[in-house]
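Listed here are the chains, written in short residue letters.
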Amino acid sequence: MNANFAGLPTRYRRRLLSRTRTACRYANQATLDFTGLTADDVIAPNFRERIFHPEDLEKFRNERKVALARGLPFELEHRALRKDGQYRWFLIQYNPFRNERGEVTRWYATGTDIDDRVRTEEKTRNENLALREQIDRDSMFEDIVGSSESLRKVLRQVTKIAPSDSTVLILGETGTGKELIARAVHKRSGRAERAFIGVNCAAIPTSLIASELFGHEKGAFTGATQRRIGRFESANGGTIFLDEVGDLPAEIQIALLRVLQEREVERVGSSRPIPVDVRVVAATHHDLNALVAEGKFRQDLLYRLNVVPIQMPPLRERVADIPLLVEYFIDRFGKRAGKKFRTIDKKLLKVVQAYSWPGNIRELQNIIERAVILSDNDTLAVDETWLKGKPVNPARARALDIALVRQEKEMIEAALAESQGRVSGPEGAATKLGLPARTLDSKIKRLKIKKNRFKTSRTH
């Protein structure tokens, strides 16, 4: 390349320099042997189009143009065509040559074959992806074990709602595995690569819960010696799981409502809103409608949380899953304790299937862990005295629940008939039953009682 541009106007000098930066003037013998091109082919205008992969060409041109304008060394990766018709990956390192005035007059490029490295990295990525998919298939929805229809119904819901960003409210008795369902929702969502932050709202002291959820500024209160980000900020881009959300105090319910509405938080001691992109999954064992009726939970917050409800079945409704759960826990705790059990006491399965499990899966887990620790031989046995009450047949337990609901409905209908359909007031049904009027209204709706029909039963 002729770099002597002295005496030319600056604008022509720059134009010629720009042209020399993009035109190839020389290639060594190794390049010619690799590509099968001649020295004349190399200096032709379409040299790069002939040897670069069509999918890489546009990206290469754009990145190279920007890098050349900086005038600093740079490197690019792309595929080059070998004379046998095969493309291989190359790392091209560019270095500028400057004249005595510091102007770039030439660029020297050195290519290194990195095809083996790129192929190995691609293979590793594919293997990792396959392994992750295998783990997802084998994990039974994040350690959710069972095949009963009631559980399959829940898992079908998870599959449908996980890809959305809608707020989820998981309802169910204590110990039914609500957090596992929340994790399954997160794992199968578009936020799976980001954080999953769990918060037990019932376990945090009332005085600290605002700071825990939303963070605080330095000096916001005694002991706040430095700024701290809250759980919502930590979960930004991911999912936050608010367990036992029904135990939140009133002032925190207001703040949570704002987060759901405005998608921003304010740290304690600050008035500056901080945007957050968080999916909220909440859970509770409480009847939130009853809490609303009693004035202990905000109705507008319930509406915001209850976008997609999931009802977790209690273990007594999943009797068919109990043998699977027993085997699963025996395997888990046996490995941890370094024990292997060849047989299970025949009475064990009968006992655990007949028991009502008021503590649900968590209680079953604790019982099996205790049995694994205390068993001296390779036969696992459970002491029936460990169970809290007499074994109850699941069918009988369901029948008892139905009977109690029927009795409650009859008592409410009798009170409504006596009060001629009135719920509140001194002569209302709520007063006769000793209940707050809002609580009774909630029960009437839940039991689908038509209170208007009692208004016609007037005494003349």
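Think of each chain on its own: its residues are numbered from 1, step by step along the sequence as written. pLDDT decides what is reported in this predicted model: residues at 70 or higher carry local features, side-chain atom pairs at 80 or more are listed and counted, and totals for whole chains, interfaces and linings draw on all residues regardless. As a convention, hydrogens and water are excluded, and side-chain values are obtained from all of the structure's heavy atoms.

**Examining the overall build of the chain**
Cut-off, in case you're wondering: Secondary structure follows DSSP: runs of H or I at least 4 residues long count as helices, runs of E at least 2 residues long count as strands, and numbering of each begins at the N terminus. Burial classes follow relative accessibility: with a 1.4 Å probe on protein chains only, a residue under 20% of its type's maximum area counts as buried, one over 50% as exposed, and anything between as partly exposed. In these tables, accessible area is a Shrake-Rupley quantity obtained with a 1.4 Å probe, and a residue counts as shielded only by the protein chains included in the view.
Check the secondary structure of the chain and you find 20 helices and 14 strands. Across the 460 residues that make up the chain, the buried fraction comes to 40%. A total of about 27000 Å² of accessible surface is found on the chain, and carbon and sulfur atoms cover 50% of it.

**Structural notes on the nonpolar core**
How we decide: Nonpolar core, defined: a set of buried Ala, Val, Leu, Ile, Met, Phe, Trp, Tyr and Cys residues in which side-chain atoms within 4.5 Å join the residues together. In what follows, residue pairs with any heavy atoms lying within 4.5 Å of each other are defined as contacts.
Ranked by size, the top nonpolar core spans 32 residues in total, and within it L213, F232, I240 and L242 carry the most contacts. If you list the elements that add at least two residues to this core, you get strand 5 (196–200), helix 10 (209–214), strand 8 (239–243), helix 12 (250–262), strand 11 (279–284), helix 13 (288–293) and helix 14 (299–305). Once residues lying within four places of it in the same chain are set aside, the contact partners of I240 are I197, V199, R231, F232, A235, V278, R279, V280 and V281. If you look at the next biggest cluster of nonpolar residues, it comprises 23 residues, including I330, F341, Y355 and L387.

**Overview of the confidence of the model for the chain**
Using the following cut-off: One confidence number per residue, pLDDT, is output by the predictor and ranges from 0 to 100.
Residue-level pLDDT values for the chain average 82, and 86% of them are 70 or greater. Throughout residues 1–21 the model reports pLDDT below 50, and contacts reaching past four residues in sequence, or to other chains, amount to 21 contacts.

**Let's talk about the sheet that holds strand 3 (residues 104–113)**
This is how the line gets drawn: Here a strand pair is declared whenever DSSP counts at least two bridges between the two strands. Axis angles are defined between N-to-C directions and span 0 to 180 degrees, where every axis is a line fitted to C-alpha atoms and, for a helix, only to the segment in contact.
Here 3 strands make up an open sheet; going across it, the order is 1-2-3 and the pairing antiparallel. One side of each edge strand has no neighbouring strand; the edge strands of this open sheet are strand 1 (74–81) and strand 3. Here the strands of the sheet are splayed against their neighbours by 35 degrees on average, with no regard to which way each runs. Relative to strand 2 (residues 87–98), strand 1 runs antiparallel, the two being bridged by 8 bridges. Among the inter-strand pairings, H78 is bridged to a residue of strand 2, identified as F90.

**Focus on the pattern of salt bridges**
The cut-off we apply is this: Just to be clear on terms, a salt bridge is a Lys or Arg side-chain nitrogen sitting within 4 Å of an Asp or Glu carboxyl oxygen.
Under the definition given, this model contains 33 salt bridges. Ionic pairing is found between R50 and D41, a salt bridge with its closest N-O pair at 3.4 Å. By relative accessible area, R50 is classed as partly exposed at 39%. Linked through salt bridges whose partners overlap, the residues forming this network are R88, D113, D115, D116 and R119.

**Section: the packing of helix 15 (residues 322–337) against helix 17 (residues 360–374)**
For clarity, the cut-off: Relative orientations are named as follows: roughly parallel for angles under 35 degrees, roughly antiparallel for angles over 145 degrees, roughly perpendicular for angles from 65 to 115 degrees, and oblique for any other angle. Crossing chirality is assigned from the near helix's rotation relative to the far helix, an anticlockwise turn below a right angle marking it left-handed and a clockwise turn marking it right-handed. Lys, Arg, Asp and Glu make up the charged group, whereas Ala, Val, Leu, Ile, Met, Phe, Trp, Tyr, Cys and Pro make up the nonpolar group; the residues left over, Gly among them, are polar.
Two numbers describe how helix 15 lies on helix 17: the axes approach to 9 Å, and their chain directions differ by 45 degrees. Of the possible angle classes, the one that applies to helix 15 and helix 17 is oblique. Every pair of crossing elements has a handedness; the one defined by helix 15 and helix 17 is right-handed. Listed contacts from helix 17 to L325, V326, F329, I330, R332, F333, G334, R336 and A337 of helix 15 are I361, L364, Q365, I368, E369 and V372. In terms of residue class, the contact of helix 15 with helix 17 is built from 10 nonpolar, 2 polar and 3 charged.

**Some points on the packing of aromatic side chains**
Under the convention used in this document: For Phe, Tyr and Trp, where Trp contributes only its six-membered ring, two rings pair if their centres lie within 6.5 Å, and the inter-plane angle classes them as stacked under 30 degrees, edge-to-face over 60, or tilted in between.
The full count for this structure, using the stated rule, is 10 aromatic pairs. Considering the side-chain rings of F74 and Y94, the 4.5 Å spacing of their centres and the 10 degrees angle between planes classify their relative orientation as stacked. Taken together, the positions of F74 in strand 1 and Y94 in strand 2 put the pair 20 residues apart, joining distant regions of the chain. The class of F74 is buried, set by a relative accessible area of 14%. The class for Y94 is buried, based on a relative accessible area of 7%. On the basis of an interplanar angle of 85 degrees and a centroid distance of 6.3 Å, the ring pair of F97 and Y108 is categorised as edge-to-face.

**Overview of the environment of Q299**
In this fold, Q299 is placed in helix 14. Separated by 11 residues in the primary sequence, Q299 and L288 have C-alpha atoms spaced 8.8 Å apart.

**Here we look at helix 20 (residues 437–446)**
When helix 20 is considered as a whole, its buried residues turn out to be T439, L440, S442 and I444. Once helix 20 finishes, K448 follows within two positions and takes phi at roughly 55 degrees, a positive value.

**Quick look at the sheet that holds strand 12 (residues 308–311)**
Pairing is parallel in the open sheet, where 5 strands are placed in the order 5-8-11-4-12. At either end of the open sheet lies a strand with only one pairing partner, and these are strand 5 and strand 12. Taking the axes of each pair of neighbouring strands and ignoring which way they run, one obtains an average angle of 20 degrees across the sheet. One ladder, built from 4 bridges, connects strand 8 with strand 11; its direction is parallel.

**Details of the side chain of D321**
As for its position among the elements, D321 is in the loop between strand 12 and helix 15. Residue contacts for D321: discarding those within four places in its chain leaves G146, S147, S148 and L151.

**Examining the environment of V352**
By the secondary structure assignment, V352 is in helix 16 (residues 346–354). The spatial distance from the C-alpha of V352 to the C-alpha of E384 is 9.0 Å, given a sequence separation of 32 residues. Non-local contacts of V352, meaning those with residues more than four positions away in its chain, are made with I322, V326 and W357.

**Examining the pairing of strand 4 (residues 168–171)**
Bridge count for strand 4 against strand 11 is 4 bridges, and the pairing is parallel. The partner of L171 across the bridge, within strand 11, is T284. Bridge count for strand 4 against strand 12 is 4 bridges, and the pairing is parallel. Note on strand 12: the bridge partner recorded for L171 is Q311.

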